[in-house]
Amino acid sequence: MLKNLQLKFISKSLLKSLILMIGLFYILSVNSRNIYAYDDDTHFWLSYYLACKVGYTPKQAMLIASANISVDYGLETNPLFPHTIHPSDVRARLHALPSTKAVKKCRKEAKDRNPELKLQQNKRALEEQVDICIKPMLDEEQSKLWIVALNEGNPGVFLHFFQDRFAHRGFTSRLGHYRAGHLPDFLSNDPDKTRKMVLETIYKLRDFMREHWHLSESALPPEPNIQEIMVVVDKFIERNSSIIKLSPEYYEDWDWDVSDLKYKEIKELRRQLGDSLLRPWKAPDSFVAFRIVFEALLGVPIPKIWAYDLNSDGSLNRQICPRELTNITNEHGISVLVPEGKRKRCGKTSTCECFSISLDLGKSPV
Ligand SMILES: [Zn+2]
């Protein structure tokens, strides 16, 4: 009996150390800023700008953009190493990366239904079928986050998922876009898709006003000037352009986790550019994005950027103080955001000053 118990204990601790070792190997082999998308430029700066343009107050815009970007920095919500035994679920729930298994199943079912789809020349038709099959899953996650948004009084976390849905088209939950490096993070990758994402973000920001504050159509602020906004979006695209350009078709397929062909091409491009395999491409520059917004919103106060800790369902963790995110220049000369200081628990014994525990936007801006 005792021996049995000892054996059980040994095998348990062996298993634990094995898991730890695998985890460590994973950390070392995967660059830590490799599967985010979009990046800080979109999730914070562009979102802040758009919220201001839609008619939110600068403070509300800051809260929305902060909630949005917090998804990428939170302990439980970041796409790379969320504190959970199911990181794939977090990627699916908050970063619009559908389950790899589900995508494979969709592909298999489509081929079983129509064997013609197995032929290489019907690849596009097959991917369309996969897309139709996945859409309800993504829609379901999106609806859940809309409810969280209305409960929290802030659409930021919802917008994170919603924007990632554009950037993550073609990628699935297991690896995210690790093997494509930072490429999908760039708004310059597919300018048409970027403009569509911007337009839809504006509509969602207006929808939120309508639903959260029960505003009628006539009570909403006037529609923003889309032409003026697109001039600013073009600046984001031009000034934060990726070094490598892939054709938009690259992002249309859902087979990034399956086909090696794309990676071979990317590897070759990296080789030509002298980029080693583990070094990621440069991410979009956060300071450049800030300058664009600063110039476009002259006179509007420069926002602080808050990193809130969120629960894995996207709701706010009310136990942890939000921290400020600050710009630093990394080894590639690119400005990126990092959280300042340690995580602090809120409460009587804690000396931390919580800026605002709630994400709630407060009163209607109109
Ligand atoms: Zn994301």
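Let us look at the structure shown here. If you're wondering where the values come from, they're calculated on a predicted model, not measured in any experiment.

With respect to the overall build of the chain
Across its full length, the chain holds 11 helices and 3 strands. Sequence-ordered secondary structure for the chain, helices as α and strands as β, is α-α-α-α-α-α-α-α-α-α-α-β-β-β. Summarising the internal contacts of the chain: among those between residues at least 6 apart in sequence, 73% fall at separations of at least 24.

What to know about unusual backbone geometry
Look at Ala96: it is not a glycine, yet its phi comes out positive at around 55°. Relative to the elements of secondary structure, Ala96 occurs in the loop between helix H4 (87–94) and helix H5 (100–113). Taking the C-beta count within 10 Å as the criterion, Ala96 has 24 such neighbours and is therefore assigned buried. At His214, a residue that is not glycine, the phi angle is positive and equals roughly 50°. In this structure, His214 sits in the loop between helix H8 (191–212) and helix H9 (226–239). According to the C-beta neighbour criterion, His214 is exposed, with 9 such atoms within 10 Å.

What to know about the nonpolar core
Ranked by internal contacts, the top residues of the largest apolar core, which has 63 residues, are Trp45, Tyr48, Ala51, Ala61, Ala65, Val157 and Phe158. Not counting chain neighbours up to four residues away, the residues in contact with Tyr48 comprise Ala61, Met62, Ala65, Val293 and Pro303.

So, the packing of helix H2 (residues 40–54) against helix H11 (residues 286–296)
When two helices pack together, their arrangement is given by the angle between their axes and by how far apart the axes lie. Where H2 meets H11, the axes come as close as 9 Å, and the angle between the chain directions of the two elements is 10°. Here H11 runs roughly parallel to H2, going by the angle between their axes. Residues Asp40, Asp41, Trp45, Tyr48 and Tyr49 of H2 form the contact with H11, whose participating residues are Ser286, Ala289, Phe290, Val293 and Ala296.

Notes on the pairing of strand E3 (residues 335–339)
Taken together, the 5 bridges between strand E2 (residues 323–329) and E3 define a ladder with antiparallel strand orientation. What sits directly across from Ile328, in E3, is Val336. Linking E2 to E3, which pair antiparallel, is a turn of 5 residues; within it Gly333 sits at a positive phi near 75°.

Some details on H8
In this model H8 runs 31 Å from its N-terminal to its C-terminal C-alpha over 22 residues, within 8% of the 32 Å that 1.5 Å per residue would give. If you check which residues of H8 are buried, you get Thr194, Met197, Val198, Thr201, Leu205, Phe208 and Met209. The arc that holds the buried residues of H8, viewed along the axis, is 115°, so those residues lie on one side. Among the exposed residues of H8, those oriented more than 90 degrees off its buried face are Asp192, Lys196 and Tyr203. Structurally, H8 contributes buried residues whose contacts are with H2, helix H6 (123–152), helix H7 (156–167) and H9.

A word on the sheet that holds strand E1 (residues 306–307)
Pairing is antiparallel in the open sheet, where 3 strands are placed in the order E1-E2-E3. Looking at which strands have only one partner, the edges of the open sheet turn out to be E1 and E3. Bridge count for E1 against E2 is 2 bridges, and the pairing is antiparallel. Bridge pairing in E2 places Trp306 opposite Glu324.

A word on H7
The terminal C-alpha atoms of H7 lie 17 Å apart, and with 12 residues this matches the ideal 16 Å at 1.5 Å per residue to within 8%. Within H7, 11 of the 12 residues are buried, leaving the element largely enclosed by the surrounding structure. By the burial criterion, the buried members of H7 are Gly156, Val157, Phe158, Leu159, His160, Phe161, Phe162, Gln163, Asp164, Phe166 and Ala167. Elements in contact with the buried residues of H7: H2, helix H3 (58–73), H4, H6 and H8.

With respect to the packing of H2 against H3
Packing of H2 against H3 leaves a shortest axis separation of 8 Å and a crossing angle of 160°. The orientation of H2 with respect to H3, classified from their angle, is roughly antiparallel. Seen along the crossing, H2 lies across H3 with a hand that is right-handed. Between H2 and H3, the contacting residues are Asp40, His43, Phe44, Ser47, Tyr48, Ala51 and Cys52 on the first element and Pro58, Gln60, Ala61, Met62, Ile64, Ala65, Asn68, Ile69 and Asp72 on the second.

Basis of the calculations
- Residues numbered from 1 in each chain as written.
- Predicted model: local features only at pLDDT ≥ 70, side-chain atom pairs only at ≥ 80, totals over all residues.
- Helix = DSSP H or I, 4+ residues; strand = E, 2+ residues; numbered from the N terminus.
- Contact = placed C-beta atoms within 7 Å.
- Buried ≥ 20, exposed ≤ 12 C-beta atoms within 10 Å, placed from the backbone.
- Core = buried A, V, L, I, M, F, W, Y, C linked by C-beta atoms within 7 Å.
- Axes fitted to C-alpha atoms, helices over the stretch in contact; angles between N-to-C directions.
- Parallel < 35°, antiparallel > 145°, perpendicular 65-115°, else oblique.
- Pairing = 2+ DSSP bridges.
- Expected span 1.5 Å × (residues − 1).
- Arc of directions from axis to C-beta.
- Left-handed = near helix turned anticlockwise from the far one by under 90°.

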